[in-house]
Amino acid sequence: MSATRLPHISVLRLGHRRERDKRITSHLGLTARAFGADEIYLAGEEDPSALETWNSVSKRFGGNFQCRYEDKPLSLLRKFSKDCGNGESGSIIHLTMYGEPWKEALPKINLDKPMIIVVGGTKVPGEVYRLANHNISIGNQPHSEVAALAIFLDSLVGDIDDQVHFSDGELRVIPNAVRKQVVNVEEE
Ligand code: SAM
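Cut-offs applied
- Residues numbered from 1 in each chain as written.
- Predicted model: local features only at pLDDT ≥ 70, side-chain atom pairs only at ≥ 80, totals over all residues.
- Heavy atoms only, no water.
- Core = buried A, V, L, I, M, F, W, Y, C linked by side-chain atoms within 4.5 Å.
- Buried < 20%, exposed > 50% of the residue type's maximum accessible area, 1.4 Å probe, protein only.
- Helix = DSSP H or I, 4+ residues; strand = E, 2+ residues; numbered from the N terminus.
- Contact = heavy atoms within 4.5 Å.
- Arc of directions from axis to C-beta.
- Pairing = 2+ DSSP bridges.
- Axes fitted to C-alpha atoms, helices over the stretch in contact; angles between N-to-C directions.

Caption draft 1: Region of the structure containing the nonpolar core. One finds L95, I117 and F152 to be the most contacted residues of the largest nonpolar core, which totals 31 residues. Counting residues per element, the ones that place at least two in this core are β1 (9–16), α1 (22–34), β2 (39–44), α2 (48–61), β4 (91–101), α4 (102–105), β5 (115–119) and α6 (145–157). Looking at this core element by element, the count peaks at seven residues for α6. Not counting chain neighbours up to four residues away, the residues in contact with F152 comprise I93, L95, L106, I109, I117, I136 and I138.

Caption draft 2: Representation of helix α3 (residues 73–82) in the model. Among the residues of α3, P73, L76, L77 and F80 are the ones counted as buried. Viewed end-on, α3 has its buried residues packed into an arc of 95°, placing them on one side of the element. Exposed and facing more than 90 degrees away from the buried side of α3 are K79 and K82. Where the residues of α3 are buried, they touch β1, β2, β3 (66–69), β4, β5 and α5 (126–131).

Caption draft 3: Main features of the sheet that holds β4. Spatially, the six strands line up as an open sheet ordered β3-β2-β1-β5-β4-β6, and their pairing is parallel. The sheet is open, and its two borders are formed by β3 and β6 (134–137), each paired with just one other strand. Pairwise comparison of adjacent strand axes, ignoring direction, gives a mean angle of 30° for this sheet. Where β1 and β2 come together, five bridges link them in parallel fashion. In the strand pairing of β2, L12 is matched with Y41. Where α1 meets the sheet, it contacts β1, β2 and β5, and its direction lies at approximately 175° from that of β1. The strands touched by α2 are β2 and β3; relative to β3, the strand with the most contacts, the crossing angle is about 170°.

Right, dumping it as structure tokens:
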């Protein structure tokens, strides 16, 4: 599916462990941004360095990607399931190897509501499964939250025109099959 009209898409990263998950959480946020999510919430251990990385990439490469630390992720989900900001329930998608195959689940997702995509790190609390509108698997084998998010967002959002979506960055990558080509917009 590649939707022409998309809701506001947030990603909630549960259970971050500052030392162990440093790189994977950083990559998760970068993947969320690159594949079309609007924001990421970091939950688990507080980690300003992850937020700094995401903000720095957004400043240099553009786009309007937001990030923040969330110390009460379950409260956030409980509230969002009832009221996503406009008095109506939001849509919660939980990526889990135990869920419904994504190709079957995608057509059932309501694209008229803001969405939070939840990915785990350590064990995910059972309440997340119950709060989720959809528990979705990207295959039923264990792999990575980064891979799961990338595949899910690509299926949901479809192709992103980087030159439009990230047009306000300081740096612009010009796709080139034979060499690296990056334009510094401010120096032009
Ligand atoms: N608990 C393990 C640990 O700490 O080593 C890792 C769990 S797994 C790598 C982390 C997250 O990746 C899961 O919570 C889920 O969101 C996502 N994930 C992994 N495999 C998946 C799959 N097949 N389908 C969907 N999501 C998946």
